[in-house]
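Geometric and topological summary
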Amino acid sequence: MRPERDAELENEVYEHESFRGQDLSGLRTSGCTFSACDFTLTQLNASEHVGSDFANATFESANLFGARFAECRLVGATFAGATLTGLTVEGGDWSYVLLRGQDLAGLDLQRVRLREADLSEADLTNADLRGADLTRARIHNATLASADLREATLDGVDLAAARIVEARLDLAGAVQLARSLGAVLE
C-alpha cells in the first residue's frame, strides 16, 4: 500500500522511495520501514509513527507540525529546513541525525539516543535531555539555556562549544563541562 493522507500502515517496507512534495498529513505507521526514503517538502502534519524505521531518510523542508515519533529509528536522517513545531519524540534512536540550526526549544528528548547527532546551532532552550545519549554529539553554537541534561551521557561532547545558561547538570555533566572548559580535575 502506498502512503497517503490519513492512511494507516503496518509493517510496510519502502526502500529508496520518493514521497517528495506529497501530503501525508495524518499518516499513521506502526513497525514500518522507510529506508533512505525522500520526504523532501512533504507534509507530515499530525502524523504518528510507532516503532517505525526512517534510517537515512531525508526530511528537508518537510512540515512535521504536531508529528509524533514513538520508539522510532531515525539513524542518519536529515531535517535541514524542516518545520518541527509541536514535534513529539518518545525514545528511539536518532543517532547521526542532522538537526543543525533547528528550533528544538522545549522539546522532550528524554532517553533518546542522539549519538553523534549534529545539533550545531540548534536552539535547545528548555529542552529536556534527561537520560539522553549524546555521545560525541556536535553542539557547536547550540543554545542550551535552561536545558535539563541530568543523567545524559555526554562522553566526547564539547560543552564549551555551546551556549549554556542555567542548564541543569548532574555531577557527571558538571565534570564534563569543567573538562570542556580546560579544567584539570584532581
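First things first, this report covers the structure right here in the doc. (Residues numbered from 1 in each chain as written. Predicted model: local features only at pLDDT ≥ 70, side-chain atom pairs only at ≥ 80, totals over all residues. Heavy atoms only, no water.)

Observations regarding the sheet that holds strand S6 (residues 68-70)
Under the convention used in this document: Strand pairing requires that DSSP identify at least two bridges connecting the strands. Secondary structure elements are defined from DSSP: runs of H or I of at least 4 residues count as helices, runs of E of at least 2 residues count as strands, and each element is numbered from the N terminus. Here the axes come from fitting lines to C-alpha atoms, over the contacting stretch only for helices, and the angles between their N-to-C directions go from 0 to 180 degrees.
Taken in spatial order, the 5 strands make up an open sheet running S1-S3-S5-S6-S7, and their pairing is parallel. Strands at the two margins of the open sheet, each flanked by one partner only, are strand S1 (8-10) and strand S7 (88-90). Looking at each pair of strands side by side, their axes are set apart by 5° on average, direction ignored. With 3 bridges connecting them, strand S3 (residues 28-30) and strand S5 (residues 48-50) associate as parallel partners. Bridge pairing in S5 links Ser30 to Val50.

Some thoughts on the nonpolar core
For clarity, the cut-off: Here, nonpolar core means buried Ala, Val, Leu, Ile, Met, Phe, Trp, Tyr and Cys residues that are tied together by side-chain atoms lying within 4.5 Å of each other. Summary of the burial criterion: residues with accessible area below 20% of their type's maximum are buried, those above 50% are exposed, and those between are partly exposed, where the area comes from a 1.4 Å probe applied to protein chains only. Only heavy atoms enter the contact rule, under which two residues are in contact if any of them lie within 4.5 Å.
If you look at the biggest cluster of nonpolar residues, it comprises 55 residues, and the most contacted ones within it are Phe39, Phe59, Leu64, Phe79, Trp94 and Leu134. When residues no more than four places from it in sequence are discounted, the contact partners of Trp94 are Phe69, Cys72, Leu74, Phe79, Leu87, Val89, Leu99, Val112, Arg113, Leu114 and Ala117.

As for the packing of aromatic side chains
Here is the rule we go by: Put simply, two rings from Phe, Tyr or Trp (the six-membered ring, in Trp's case) pair if the centres are within 6.5 Å, and we call them stacked under 30 degrees between planes, edge-to-face over 60, tilted for the rest.
According to the stated counting rule, one finds 13 aromatic pairs in the structure shown. Between the aromatic rings of Phe39 and Phe59, the centroid separation amounts to 5.0 Å while the plane-to-plane angle is 5°, which identifies the pairing as stacked. You can see Phe39 sitting in the loop between strand S4 (33-35) and S5 and its partner Phe59 sitting in the loop between S5 and S6, a full 20 residues away along the chain. Assessed through its relative accessible area of 1%, Phe59 is described here as buried.

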